[in-house]
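Tertiary structure, described
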Amino acid sequence: AQTVTQSQPEMSVQEAETVTLSCTYDTSESNYYLFWYKQPPSRQMILVIRQEAYKQQNATENRFSVNFQKAAKSFSLKISDSQLGDTAMYFCAFGVGTSYGKLTFGQGTILTVHP
Amino acid sequence: EPEVTQTPSHQVTQMGQEVILRCVPISNHLYFYWYRQILGQKVEFLVSFYNNEISEKSEIFDDQFSVERPDGSNFTLKIRSTKLEDSAMYFCASRGTSGQETQYFGPGTRLLVL
């Protein structure tokens, strides 16, 4: 079974600054995917970024990038130039590549961006 | 851009009543999922559905729950006799073929059981 741990229940950052959200996972699988989802107050789940485990290069999407450390089973999300609209709950999620693909989520980190 | 839709957005029901939550996945997707999120807690997997049958289910998905794809577009979750602890946000998700691993989520249905 897979586990996903987000050790930061809450984080805050000033607008325009950079913040990093932590995520660690545990698995015996070799083929898997990692995701960060954003959940604003509306509670919609919005994909932020994904990383394939077989890729060494860290994924980036505009202001969002990850630091994927496979040996350490760590998958952190860096948000650069934080904006007020980034205020949300952020969930790290794990999916096995060869199965029917259920996602296992971490507990979430509430990020607040202050003006 | 295609998106997953869910209806209703909110549902209030009495304990013991049956509810059906509806989802329209993205049209060319093949894998469908239901998740739930109790307020303040993490998102939990309920069930996955592929090729018109359940492919995997969690221990939460007991005999009170069922899923169905009654036609080519809808995907439903039925709770036969609701309990207070079924109050949660229910998310539908879908994804494409193998190799397209990203799951796209609907906006959720907020279920309140009184």
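Remember, it's a predicted structure, so these values are computed and weren't measured experimentally. (Residues numbered from 1 in each chain as written. Chains lettered and ligands numbered in written order. Predicted model: local features only at pLDDT ≥ 70, side-chain atom pairs only at ≥ 80, totals over all residues. Heavy atoms only, no water.)

1. What about the interface of chain A and chain B?
Contacts between the two partners involve 20 residues from chain A and, on the opposite side, 24 residues from chain B. Of the roughly 2000 Å² buried at the junction of chain A and chain B (both faces included), carbon and sulfur atoms supply 54%. Along the contact surface separating chain A from chain B lie 1 salt bridge. Where chain A meets chain B, there are 6 residue pairs in polar contact (both at pLDDT 80 or more). Put simply, the parts of the chain that give the side of chain A that touches chain B at least two residues each are β5 (32-39), β6 (46-52) and β11 (103-105) of chain A. Looking at the side of chain A that touches chain B, its residues break down into 9 nonpolar, 8 polar and 3 charged. (Contact = heavy atoms within 4.5 Å. Buried area = accessible area lost by both parts, 1.4 Å probe. Salt bridge = Lys/Arg side-chain N within 4 Å of Asp/Glu carboxyl O. Polar contact = N/O pair within 3.5 Å; in protein donor to acceptor, adjacent residues only side chain to side chain. Helix = DSSP H or I, 4+ residues; strand = E, 2+ residues; numbered from the N terminus. Nonpolar A, V, L, I, M, F, W, Y, C, P; charged D, E, K, R; others polar.)

2. Structural notes on the packing of aromatic side chains
Tallied over the full model, the rule gives 20 aromatic pairs over all chains. With centroids separated by 6.1 Å and ring planes inclined at 90°, the aromatic side chains of Phe91 of chain A and Phe105 of chain A adopt a geometry described as edge-to-face. Here Phe105 of chain A lies in strand β11 and Phe91 of chain A lies in strand β10 (residues 88-96), a separation of 14 residues in the sequence. The burial state of Phe91 of chain A is the same as that of Phe105 of chain A; both residues are buried. Residues Tyr35 of chain B and Phe105 of chain B carry aromatic rings whose centres are separated by 5.3 Å and whose planes lie at 40° to one another, so their mutual orientation is tilted. With Tyr35 of chain B in strand β4 (residues 31-37) and Phe105 of chain B in strand β10 (residues 104-105), the pair connects residues that are 70 residues apart, well separated along the chain. With respect to class, Tyr35 of chain B is no different from Phe105 of chain B; both count as buried. Through a chain of ring-to-ring contacts, the aromatic side chains of Phe35, Tyr37, Phe91 and Phe105 of chain A together with Tyr33, Tyr35, Phe45, Phe91 and Phe105 of chain B assemble into a single cluster. (Phe/Tyr/Trp six-rings, centres within 6.5 Å; stacked < 30°, edge-to-face > 60°. Buried < 20%, exposed > 50% of the residue type's maximum accessible area, 1.4 Å probe, protein only.)

3. Quick notes on the sheet that holds strand β1 (residues 5-7) of chain B
All names here are of chain B. Read across the sheet, 4 strands follow the order β1-β3-β8-β7 without closing on themselves; strand pairing throughout is antiparallel. Strand pairing shows two members of the sheet lacking a second neighbour, β1 and β7 (65-68), which therefore form its edges. In this sheet, adjacent strand axes meet at a mean angle of 20° when their direction is disregarded. Across 4 bridges, β7 lies against strand β8 (residues 75-79) in antiparallel orientation. Looking at the pairing, Glu68 lines up with Thr76 of β8. (Pairing = 2+ DSSP bridges. Axes fitted to C-alpha atoms, helices over the stretch in contact; angles between N-to-C directions.)

4. Some points on the state of the cysteines
Residue and element names in this part refer to chain A. Across all of its chains, the model carries 2 disulfides over all chains by this definition. Covalent S-S linkage joins Cys23 and Cys92, the inter-sulfur distance amounting to 2.0 Å. Around the S-S axis, the bridge from Cys23 to Cys92 shows a dihedral of about -70° and counts as left-handed. Highlighted residues: Cys23 in the loop between β3 (19-21) and β4 (24-26) and Cys92 in strand β10, separated in sequence by 69 residues. A relative accessible area of 1% places Cys23 in the buried class. Under the relative-accessibility criterion, Cys92 is labelled buried at 0%. (Disulfide = S-S within 2.5 Å.)

Spatial relationships are all this shows, so hold off on functional conclusions.
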